[in-house]
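Residue-level listing of the chains:
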Amino acid sequence: QINEMMMMVKEGNASTGGLMKIATAFGIIGFVRFLYGHYMILITARRRAGAFGGHVVWSVQDTAIVPLTNPRVYERAPNSIHNKQSRSIEARYTRLFCLIQLKQDFYFSYTYDLTRTIQYNMVNADKPLGEPTIDEKHADFNANKGGE
């Protein structure tokens, strides 16, 4: 099914250059937008940092910033001073963003939510996906809910 879908995407984008592999990635850190379009930040190299409760934890070794805007958008833009300035500012923002050290002390796991406390993960470890967590079941009684 994945191969069929990829072929469909490739054929659908044939008029703009088609589908081509630009990177091998182990994860997506996120997305960012500057002036001209969105960028995807990929994890392109990882190293096993250890294991936590049977869950492998990885450290980010290298990243890539991939523009999601078709370069032809720039070609179609009017060749005014404003657009030249905007493009140079876009390039500057991109360079500044690349200075962020995502390779240093940045960890992730495919099977363990590192953004939650260990207490939260332990309490909700047995819950199947989609079943409400304890916090969600008792949301009406949450004292910190604030004015609702």
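Residues numbered from 1 in each chain as written. Predicted model: local features only at pLDDT ≥ 70, side-chain atom pairs only at ≥ 80, totals over all residues. Heavy atoms only, no water.

Considering the pattern of salt bridges
Under the counting rule described, the total for this entry stands at one salt bridge. Between D113 and R116 there is a salt bridge, with its nearest N and O atoms 3.8 Å apart. A relative accessible area of 34% means that D113 is categorised as partly exposed. (Salt bridge = Lys/Arg side-chain N within 4 Å of Asp/Glu carboxyl O. Buried < 20%, exposed > 50% of the residue type's maximum accessible area, 1.4 Å probe, protein only.)

Remarks on the sheet that holds strand β4 (residues 107–108)
Overall, antiparallel pairing links the four strands, which are arranged β1-β2-β3-β4 in an open sheet. The sheet terminates laterally at β1 (27–33) and β4, the two strands that pair on one side only. Alignment of strand β3 (residues 55–67) against β4, held across two bridges, turns out to be antiparallel. Bridge pairing in β4 places W58 opposite F108. (Pairing = 2+ DSSP bridges. Helix = DSSP H or I, 4+ residues; strand = E, 2+ residues; numbered from the N terminus.)

Describing the environment of G30
Inspection of the secondary structure assignment puts G30 in strand β1. When near neighbours in sequence (up to four residues on either side) are disregarded, G30 contacts Y39, M40 and I41. (Contact = heavy atoms within 4.5 Å.)

Overview of the environment of D113
Looking at the element boundaries, D113 is found in the loop between β4 and α4 (118–123). Along the chain, D113 and H55 lie 58 residues apart, while their C-alpha atoms are 9.8 Å from each other. Polar contacts involving the side chain of D113 include one to the side chain of T115, which spans 2.4 Å. (Polar contact = N/O pair within 3.5 Å; in protein donor to acceptor, adjacent residues only side chain to side chain.)

Details of the nonpolar core
Counting residues in hydrophobic clusters, the biggest one holds five residues: V32, F34, Y39, I41 and L102. Among all residues touching V32, those that are not within four sequence positions of it are G37, H38, Y39, I41, I65 and F97. (Core = buried A, V, L, I, M, F, W, Y, C linked by side-chain atoms within 4.5 Å.)

Thoughts on the pairing of strand β2 (residues 38–52)
In this structure, β1 lies alongside β2, joined through six bridges in antiparallel fashion. Across the sheet, the residue bridging to F31 is M40, located in β2. Taking the residues between adjacent antiparallel strands as the criterion, β1 and β2 are bridged by four residues. The pairing of β2 with β3 spans twelve bridges and is classified as antiparallel. Residue pairing for β3: I43 is matched across the bridge by T63. Joining the antiparallel neighbours β2 and β3 is a turn of two residues, in which G53 adopts a positive phi near 60°.

Section: the side chain of S59
Within the element layout of this structure, S59 appears in strand β3. Here Q61 takes part through its side chain, which lies 2.9 Å from a polar atom of the side chain of S59. Setting aside residues up to four positions removed in sequence, S59 forms contacts with A45, R46, R47, A49, F106 and Y107.

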